[in-house]
Amino acid sequence: MRSVLVLLLFVASAVLLKAPAQAAEAANGIEVRNGRLVEANGSDLVLRGVNHDFIWYPDKNGSFAAIKAAGANAVRVPLGMGHQFRRTKPEEVRTIVSLCRQERLVCILDAHDTSGFGQDRKAATIADAVAFWTSLRTVLAGQEDHIIVNVANEPFGVGADWPWVQQTSDAVRALRAAGFRHTLLVDAPGWGQDEAFVMRDNAEKVRAADPTGNTAFDIHMYGEFDNAAKVNAYLGSFTKRRLPVVIGEFSGEHEWGDPDEDAIMAYAEGHSVGYFGWSWSGNDTPYSYLDLVHNFDPTSRTAWGERFLTGPNGISTDTREATTFRNGTAGASLKVANVTANSVHLTWPRRSPGTTYIVVAVNGASESRVAATARPEVTLRGLRGSTEYTFAVYARGLLGTRSPRSAAVYAVTPPA
C-alpha cells in the first residue's frame, strides 16, 4: 500500500540562512549505495523499462513518449560506434538525452558495437568503447541525474578465457579519469549472458576499480536462463553480496533457448531489481516475436508486449517515476537526503528567529501533522520500506500566522 507524505515549506522574503552543516550534501546524480541504485536525494531507483533500437530507427523518436505512456520509468538506447553499426552522432545523442528528459525517463545509453568481440570480426573492443564515450563527454556532462553510461554491450563471445576483468576494470578507471561522474553499467561477457560466470565471480574486482564505487552490473537473460533455479541463483549471487545488478535485456522467447520470463520478472519484483525488455519494435522479420508492439504502434501490442507490459510483475505492477522529474523539486528549497527503509532527513532554509516549522502528511485531499520543530531540519522515522513519499512544510511565526505550503519534494524508500 503506497502512502504519500507531503512536507510543506514557506520561504520568506527575508534573507535565508545556510542550511545546517550537519545536513548531508546532495549527491551528484544517480549513484550506487549499499548495493542499490539511488537518486541524488537518496531515493531508491528501480529501473523498469524497454530497449529502443535507435541505431536502426533514428526516425522513430515518438517511441520515447509511447514507452513512457506504457508505464516505463526508463529506456535503454543502443548507440552505434561505427564498427558494427552506423556511428551515432553527438547531435543525435543530444536529441536522445533531450527526449529522455522531456518524457521523464531515466536513460541507459549503451555502446552497442562491442557485442560478441572475438567471435564477431566486426565487433569493437572495450577500449574502442571508452574512446567513443570520451568523445561524448561534453554532451553527457551535467546529465548524471537521469543518464547511466552502459560502457560496452555484451563484450566478448562465449568462453571463460576472455580478459573481461582486466579490460572492464581498465575502462572504468579510464572513464573516471576522463571526468565521467555518471553511474557506469558494465555488461557480462558471453554475449551478455555470462555462461561461464566470469562477471558473477569477478564483480568485486571490477567494483574495486571504480574510485567512486558507482558501477553496476548488467546481465542479459535469454536461453541460458531457461528455468527459475538458474534465474534465482544468478541474481541472488549479486543481491546477497550487495552488488547492484540490472537485467538489461530479456525476452519471452529466443532462438537459442526459451528464457523463463516469469521467473525473471518475479525475482525482479520480489527483490526490487531493474529490468529492460527487448525490445519496443523493429526487430527483423524472423525475430519479430521480440517486438513489444507491432510496427511501432503503441496501440497494437504483441503477445510479448501484453505479457511484459501488463502481465504479472510487468511494468504496470509497481513502476515509480524517478523523483528527479517530479514537479516542484527543481530548485526547491526543501531538500531530501539520507533516505533509508524507515527514515528520511529533510532540510530547508532558516526563516526568522522564533519560527516553528510544521511537517504534514498529505494523502489525497486529507492532511495530517507528523512533526513540528524549531530547527530547519527534521528526520522522519517509522516510514515503510519500498514506499513513495512526498514532502513539504509550513512555517508558523511568533504571532501564529501560518505560511502557505511549500513546493513538494519526493522520496522513495528502499526495501526494508
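Cut-offs applied
Residues numbered from 1 in each chain as written. Predicted model: local features only at pLDDT ≥ 70, side-chain atom pairs only at ≥ 80, totals over all residues. Heavy atoms only, no water. Helix = DSSP H or I, 4+ residues; strand = E, 2+ residues; numbered from the N terminus. Contact = heavy atoms within 4.5 Å. 1 Å grid on protein atoms, 1.4 Å probe; cavity = no way out; pocket = protein on both sides within 12 Å on 5 of 7 lines; lining within 4 Å. Points joined across faces, edges and corners; volume = space filled by probe spheres on them. Nonpolar A, V, L, I, M, F, W, Y, C, P; charged D, E, K, R; others polar. Buried < 20%, exposed > 50% of the residue type's maximum accessible area, 1.4 Å probe, protein only. Polar contact = N/O pair within 3.5 Å; in protein donor to acceptor, adjacent residues only side chain to side chain. Phe/Tyr/Trp six-rings, centres within 6.5 Å; stacked < 30°, edge-to-face > 60°. Lys NZ or Arg CZ within 6 Å of the ring centre and 35° of its normal. Arc of directions from axis to C-beta. Pairing = 2+ DSSP bridges. Axes fitted to C-alpha atoms, helices over the stretch in contact; angles between N-to-C directions. Core = buried A, V, L, I, M, F, W, Y, C linked by side-chain atoms within 4.5 Å.

Colleague: Can you help me understand the environment of Ile-315 in this one?
Modeller: Among the structural elements, Ile-315 can be located in helix H10 (residues 315-318). Note: C-alpha distance between Ile-315 and Met-265 (50 residues apart in sequence) is 9.4 Å. When neighbours within four sequence positions are excluded, Ile-315 is seen to be in contact with Arg-48, Gly-49, Val-50, Ala-70, Gly-71, Ala-72, Tyr-275, Phe-308 and Leu-309.

Colleague: What am I meant to see in the layout of surface pockets here?
Modeller: Empty space left among the atoms is revealed by rolling a probe the size of a water molecule over them. Its volume calculated, the largest pocket comes out at about 950 Å³. In terms of lining residues, the largest pocket is bounded by 29 residues, among which Glu-154, Trp-191, His-254, Glu-255 and Trp-278 are the most central. Per-class residue counts for the lining of the largest pocket are 11 nonpolar, 10 polar and 8 charged.

Colleague: Help me out: how do you make sense of the environment of Arg-320 in this one?
Modeller: One can find Arg-320 in the loop between H10 and strand S11 (335-337). Among the residues examined, Arg-320 registers a relative accessible area of 16% and is labelled buried. Put simply, Arg-320 and Thr-387 are 67 residues apart on the chain and 9.7 Å apart in space, counted from C-alpha to C-alpha. Here the side chain of Arg-320 touches Ser-386 through a polar contact of 2.8 Å, landing on its backbone oxygen.

Colleague: What am I meant to see in the packing of aromatic side chains here?
Modeller: Enumeration over the complete set of coordinates arrives at 17 aromatic pairs. Ring centres of Trp-56 and Phe-85 lie 5.2 Å apart, and the angle between their planes is 80°; this geometry places the pair in the edge-to-face category. On the criterion of sequence distance, the pair formed by Trp-56 in the loop between strand S3 (48-51) and helix H1 (62-69) and Phe-85 in the loop between strand S4 (74-79) and helix H2 (90-102) is long-range, its members being 29 residues apart. The structure contains a cluster of three or more aromatic residues connected by ring pairs, namely Phe-197, Phe-217, Phe-225, Tyr-234 and Phe-238. The aromatic ring of Tyr-410 is capped on one face by Arg-326, whose charged end is 5.1 Å from the ring centroid. Taking the ring centre of Tyr-394 as reference, the NZ or CZ of Arg-402 above it sits at 3.7 Å.

Colleague: Just checking my understanding: could you explain helix H3 (residues 126-135) for this structure?
Modeller: An α-helical turn contains 3.6 residues, so any two residues separated by three or four positions project in the same direction. Taken as a whole, H3 has its buried residues at Ile-126, Ala-129, Val-130, Phe-132 and Trp-133. Projection of H3 onto a plane perpendicular to its axis shows the buried side chains occupying an angular sector of 160°, all on one side. Of the surrounding secondary structure, the elements contacted by the buried residues of H3 are S4, strand S5 (106-111), helix H4 (137-140), strand S6 (147-150) and helix H5 (164-177).

Colleague: What is the right way to read the sheet that holds strand S12 (residues 343-347) from this model?
Modeller: Sheets are built from strands that pair by backbone hydrogen bonding, the pairs being arranged parallel or antiparallel. Spatially, 3 strands are ordered S11-S12-S15 in an open sheet, and the strand pairing comes out antiparallel. What marks the edges here is a single partner per strand, and that holds for S11 and strand S15 (377-381). In this sheet, adjacent strand axes meet at a mean angle of 25° when their direction is disregarded.

Colleague: Just to check I follow, could you spell out the nonpolar core for this structure?
Modeller: Soluble globular proteins tend to bury their nonpolar side chains together. Ranked by internal contacts, the top residues of the largest apolar core, which has 73 residues, are Leu-109, Trp-133 and Leu-140. Those residues in contact with Trp-133, other than ones at most four positions away along the chain, are Leu-79, Leu-109, Asp-110, Ala-111, Leu-140, Val-149, Asn-150, Val-151, Leu-175 and Phe-180. In this structure, Val-339, Val-359, Val-378 and Tyr-389 belong to the second largest nonpolar core, which totals 18 residues.

Colleague: Can you walk me through the sheet that holds strand S7 (residues 184-187) in this structure?
Modeller: Spatially, the 8 strands close up into a barrel ordered S3-S4-S5-S6-S7-S8-S9-S10, and their pairing is parallel. Strand-to-strand twist of the sheet, defined as the mean angle between neighbouring strand axes without regard to direction, takes the value 25°. Where strand S8 (residues 215-221) lies against strand S9 (residues 245-250), 5 bridges are found, and the strand directions are parallel. Looking at the pairing, Phe-217 lines up with Val-245 of S9. Sitting on the sheet, helix H6 (residues 198-208) touches S7 and S8, and the angle it makes with S8 is about 160°. Contacts from helix H8 (residues 261-271) reach S3, S8, S9 and strand S10 (274-277) within the one sheet, and its direction differs from that of S9 by about 155°.

Colleague: Any chance you could explain empty space enclosed by the protein here in plain terms?
Modeller: On inspection of all chains with the given rule, the structure shows 1 cavity of 30 Å³ or more. By volume, the largest cavity is sized at about 50 Å³. Taken together, Ile-126, Val-151, Ala-152, Pro-155, Trp-164, Thr-168, Val-186 and Asp-187 form the lining of the largest cavity. Secondary structure elements with two or more residues in the lining of the largest cavity: H5 and S7.

Colleague: Help me understand the side chain of Gln-84, please; the structure alone is not making it clear to me.
Modeller: If you trace the backbone, Gln-84 turns up in the loop between S4 and H2. Owing to a relative accessible area of 19%, Gln-84 belongs among the buried residues under this scheme. At 2.9 Å, the side chain of Gln-84 forms a polar contact with the side chain of Asp-120. What Gln-84 contacts, discounting residues up to four positions off in sequence, is His-112, Asp-113, Thr-114, Ser-115, Asp-120, Lys-122 and Ala-123.

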